[in-house]
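In case you want the letters, here they are:
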Amino acid sequence: MDYTIGVDVGGTFTDVVLGGTCGAIAVAKCLSTHYDPIAGIVTGVTRALGDRDPAQVRRVVHATTLATNAVLERKGVRVAFVTTQGFRAAVPLGRYARVEEDRYDLRFSPPPPPVAAGDCFEVVERVSARGAVLTPLDLDSVRRAAAAITARGITSAAVCLLHAYANPAHERQVAELLRESIPDVVTSSEIWPEIREYERATTTIMSAYIGPLMASYLSQLRERLAEIGIRAPVHVMESSGGVISAELAARRAVATIESGPAAGVLAAAGTGFPDVISFDMGGTTAKACVVRGGTPEITNEFHVGGKGSFGGRRAGTGVPIKTPAIDLAEVGAGGGSVAWLDAAGALRVGPHSAGSSPGPACYGLGGSEPTVTDANLVLGYLSSASLPLTPDLAAKALDRLASPLGVSREEAAYAVHEIVCASMASAVHVVTVQRGIDPRGFALVAFGGAGPMHAARVAERFGIGTVVVPAHCGVASAAGLLTGALSTDRVLSRLDAPDPSAVFTALTADAAADLGVSPSDPGVLVSRSVDVRFRGQSHDLTVEWTPSREVLASRFFARYEEVYGIAQRGEIELVSYRIRLTAPATPPEPGATRAAVGSGTAPSGTAGDATAASDAAAAVPRGRRVYFPEAGGYADVPVHTRDTMAGAPLPGPTIIEDAESTIVVPPGWTAALAETRAVHLTRSTTCQTS
């Protein structure tokens, strides 16, 4: 049997899923090791493999937050920025918007630029927006820049010349000369040759900033996996939901910045419901994304580290990245989010997280601050009977919160639960209501270690009547990696190119070379789109490509009205051409067998095949006291597993325990087990919406 391994490294947990050609699945969940992420990966992979032969692993697919963390924590390598004469100040000056509390800060200071002014260099050259050479490249100016960069001890350079998307010849010459003395050089024409100088520059800079880290990390990962007998190719999930080789990920590291969240959205899209809201709540963050017609929403620009409201990010904050990414909202709300009192004595939850070290108080690893996990344990939603948690430590942490609030322990715990639900609902609000989408027609797909505990309460706020909790929900992102097809995107800006078909052909050939396939290979799919704008306007919209100018214009008019609410007609022009090439990656075939293993949200994390004895014990429903305000406080409720759910739907309140997560079914909801072993929650009474 051949195996595929999916690995998702989060802020708190590292999830591993082993998929076999016959459909058998094994999972492992362990704490992330921030001092050495690969150590947690190796631990999880070893546990998931069990006594299986590691030589039978044919593919490892990885979702990582390495790139994101490097940008947010400013831990990338020092980068030199090389641009056209007269434009070296563009990046240091930046583009900043004062939002939220910064609007009222009389001493506001903008964040430092991605490249210091002293590390920006100019070369003599100029190309027009149509690609004509206005000023030939002065090679001596390039040599002077290279000497200055080398003298500063900088080993990575980002080259972004004015209008290089229209004619990359000068950029290629500059890069060739710089590489004689600088090890790592990237150009905008190879990273993302799209119009808009500032965004193209920051995207290129970020690729140079994190590229060496990504290359080193992936090289070490392959070596450490080889030590345990796995010599299979390593693939990396990119931001738009495709999978690329480790070698390509190292060259285009900027494409992996949203790697982790993308995998979970793929899992949500594969539940069989055409229109869903992906709701992923882990130990550190919660993420929401809209999937319509089985396809996630994609954006061609996003901001890393920016400020905003409730999971949305404002333009002008953070670092703009011009590369396709699954469009999602993210908030600092997870199982490890710390509950605290602000200066006015109001209860807050997050965004700070206890993470994997020291973790929530109930983990017994040294944490003492009350977290969402501690509150859920006090409320009875979690159980120390199935997980190695310490209720006494959780109770002490909540008591320290309840005393200054003047409420009981359970009231404080439920307040924490409600506040974090409201915070996560705001992320759903960003991707639905704020964009004119009525969420009531969607199913909420909940996963992550903490998502199923909060999903029904989040759904109630929007009048959503269906919640889907897929099998292996606690490691759904890692499971989603197994289904990811090899895929990559290419773009080229050409103002009304005379031969669009030639542009698409060239882009397709480049994308196929990236993936090591031929466009004519069986199963290879190519989707084409184009950015269109009204002549005289500066902003564009992406629509599906068609050679017919009239049909293309009608598609643009319809899209324009959908986005801006205004019916407009006029002369159009084409700005950029995009392709997405997808090739099959031989995912595991579906099968009837299911070997479930895992540790749940336990701090220590254990994994191994479920034994017959444990299966027999799980077949008998248990009971425990769980807090629900509708029931007047604590009430005795049944505790099921998916194995005890056969038959009629279970009315709430009830608890359904998984190996990796816990599903809370509040009063007014019913739970039923589908053939796919997903749990479907259905709202059976009218709930108030916020």
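Preceding block: the structure.
Residues numbered from 1 in each chain as written. Predicted model: local features only at pLDDT ≥ 70, side-chain atom pairs only at ≥ 80, totals over all residues. Heavy atoms only, no water.

A. Quick peek at the pattern of salt bridges. In the structure shown here, the tally under the stated rule is 38 salt bridges. Across the pair D438 and R440 runs a salt bridge, and its minimum N-O distance is 2.9 Å. Judged by relative accessible area, D438 falls into the partly exposed class, the value being 40%. The class for R440 is exposed, based on a relative accessible area of 55%. In this structure, a network of salt bridges that share partners links the residues D496, R533, R535, R549, E571 and E573. (Salt bridge = Lys/Arg side-chain N within 4 Å of Asp/Glu carboxyl O. Buried < 20%, exposed > 50% of the residue type's maximum accessible area, 1.4 Å probe, protein only.)

B. Inspection of the sheet that holds strand β5 (residues 79-84) at higher detail. Reading across from one edge, β6-β5-β9-β10 is the order of the 4 strands in this open sheet, with parallel pairing throughout. At either margin of the open sheet sits one strand with a lone partner, and together these are β6 (120-123) and β10 (184-187). Each adjacent strand pair in this sheet contributes to an overall mean axis angle of 25°, direction not counted. Examined bridge by bridge, β5 and β6 share 4 bridges and lie parallel to one another. What sits directly across from F81, in β6, is C120. Helix-sheet contacts for helix α4 (residues 139-151) involve β5 and β6, and the interaxial angle to β6 is about 165°. Together, β5, β9 (156-159) and β10 form the strand contacts of helix α7 (residues 197-227), whose direction differs from that of β9 by roughly 160°. (Pairing = 2+ DSSP bridges. Helix = DSSP H or I, 4+ residues; strand = E, 2+ residues; numbered from the N terminus. Axes fitted to C-alpha atoms, helices over the stretch in contact; angles between N-to-C directions. Contact = heavy atoms within 4.5 Å.)

C. Quick peek at the sheet that holds strand β32 (residues 654-657). Reading across the sheet, the 4 strands line up as β29-β30-β32-β33 and stay open at both edges, with mixed pairing between neighbours. Since the sheet does not close on itself, it has two edges, and those belong to β29 (622-628) and β33 (662-665), each with one partner. Averaged over all pairs of adjacent strands, the angle between strand axes in this sheet comes to 30°, irrespective of strand direction. As paired elements, strand β30 (residues 633-640) and β32 share 2 bridges and run parallel to each other. Bridging from a neighbouring strand, V639 pairs with I655 of β32.

D. Region of the structure containing the packing of aromatic side chains. In total, this model carries 11 aromatic pairs according to the counting rule given. The interplanar angle of 75° and the centroid separation of 5.4 Å between the aromatic rings of Y627 and Y634 together place this pair among those described as edge-to-face. Classification of Y627 by relative accessible area gives buried; the value is 13%. According to the relative accessible area criterion, Y634 is partly exposed, its value standing at 29%. By the ring-pair criterion, three or more aromatic residues cluster together here, those being F534, F556, F557, Y560 and Y564. Sitting over the ring of F504, R528 keeps its end group 5.3 Å from the ring centre. (Phe/Tyr/Trp six-rings, centres within 6.5 Å; stacked < 30°, edge-to-face > 60°. Lys NZ or Arg CZ within 6 Å of the ring centre and 35° of its normal.)

E. Highlighting helix α11 (residues 391-405). For α11, built from 15 residues, the straight-helix expectation of 21 Å at 1.5 Å per residue is met to within 8% by its first-to-last C-alpha distance of 21 Å. Within α11, burial applies to A394, A395, A397, L398, L401 and A402. For α11, the secondary structure elements touched by its buried residues are β21 (337-341), β22 (347-353), α10 (372-379) and α12 (409-431). Count one or two residues on from α11 and you reach G406, which has phi positive near 70°. (Expected span 1.5 Å × (residues − 1).)

F. The arrangement of the packing of α4 against helix α5 (residues 169-178) in detail. Close contact between α4 and α5 brings their axes to 9 Å; oriented N to C, the two are set at 45°. What the angle tells us is that α4 and α5 run oblique. Crossing angle aside, the handedness with which α4 passes α5 is right-handed. Residues L139, V142, A146 and I149 of α4 pack against Q173, V174, L177 and L178 of α5. (Parallel < 35°, antiparallel > 145°, perpendicular 65-115°, else oblique. Left-handed = near helix turned anticlockwise from the far one by under 90°.)

G. Structural detail: the environment of H429. Checked against the element boundaries, H429 lands in helix α12. Among the residues examined, H429 registers a relative accessible area of 31% and is labelled partly exposed. When the C-alpha positions of H429 and P439 are compared, they lie 8.5 Å apart, and in sequence the two are 10 residues distant. Excluding its chain neighbours within four sequence positions, the residues that come into contact with H429 are Q434 and F462.

H. A look at empty space enclosed by the protein. Scanning all chains against the criterion turns up 3 cavities of 30 Å³ or more. Considering only enclosed or pocket space, the largest cavity measures out at about 50 Å³ in volume. Taken together, E238, S239, S240, R252, A255, T323, P324 and D489 make up the lining of the largest cavity. (1 Å grid on protein atoms, 1.4 Å probe; cavity = no way out; pocket = protein on both sides within 12 Å on 5 of 7 lines; lining within 4 Å. Points joined across faces, edges and corners; volume = space filled by probe spheres on them.)

I. Spotlight on unusual backbone geometry. With an omega of 0°, the peptide bond running from G350 to P351 counts as cis. You can see P351 is positioned in strand β22. For the bond from G652 to P653, the omega torsion is 5°, close enough to zero to count as cis. Its location among the elements puts P653 in the loop between β31 (650-651) and β32. Even without being glycine, R196 reaches a positive phi, approximately 95°. Phi is positive for H472, close to 55°, though the residue is something other than glycine. For H472, the location among the structural elements is in the loop between β24 (466-469) and α14 (476-482). Overall, H472 belongs to the buried group, its relative accessible area being 8%.

Treat this as a map of the structure, not an account of what it does.
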